[in-house]
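Breakdown of the fold
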Amino acid sequence: MAGEILQKFTNYHVKVAVYGDYSHYTSKPLKDFIYESNHGKDFFFVSTKEEAVQKLSEIQ
């Protein structure tokens, strides 16, 4: 389901950054999803609000 939601954002050219502490999650599929998202150019998981703003303001 998360992949489908991410695909909708991508289709409509919407960049999204979600910030928070993800270190306590142990799910391998979730970690893989976060890793893959962070290597794209439209959807990011970061630890601080400042990082989120920086990622969203980068021109690609």
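Residues numbered from 1 in each chain as written. Predicted model: local features only at pLDDT ≥ 70, side-chain atom pairs only at ≥ 80, totals over all residues. Heavy atoms only, no water.

The next point concerns the overall build of the protein. Across its full length, the protein holds 3 helices and 2 strands. Order of helices (α) and strands (β) in the protein, N terminus to C terminus: α-β-α-β-α. Relative to its length of 60 residues, the protein is compact, with a C-alpha radius of gyration of 12 Å against a globular reference of 10 Å. Projecting the C-alpha coordinates of the protein onto the three principal axes gives extents of approximately 30 × 25 × 15 Å. A burial count over the protein gives 17% of its 60 residues as buried. Across the protein, contacts joining residues at least 24 apart in sequence account for 69% of those joining residues at least 6 apart. In the structure as shown, the protein presents an accessible area of about 4800 Å², 59% of it carried by carbon and sulfur atoms. (Helix = DSSP H or I, 4+ residues; strand = E, 2+ residues; numbered from the N terminus. Rg over C-alpha atoms; globule rule 2.2 N^0.38 Å. Buried < 20%, exposed > 50% of the residue type's maximum accessible area, 1.4 Å probe, protein only. Contact = heavy atoms within 4.5 Å. Areas by Shrake-Rupley, 256 points an atom, 1.4 Å probe, with all protein chains shown as cover.)

The general pattern is negative phi for most residues beyond glycine and trans for most peptide bonds. Residues other than glycine seldom take positive phi values, yet His13 does so here, at roughly 55°. Note that His13 resides in the loop between helix H1 (2–11) and strand E1 (16–19). Assessed through its relative accessible area of 71%, His13 is described here as exposed.

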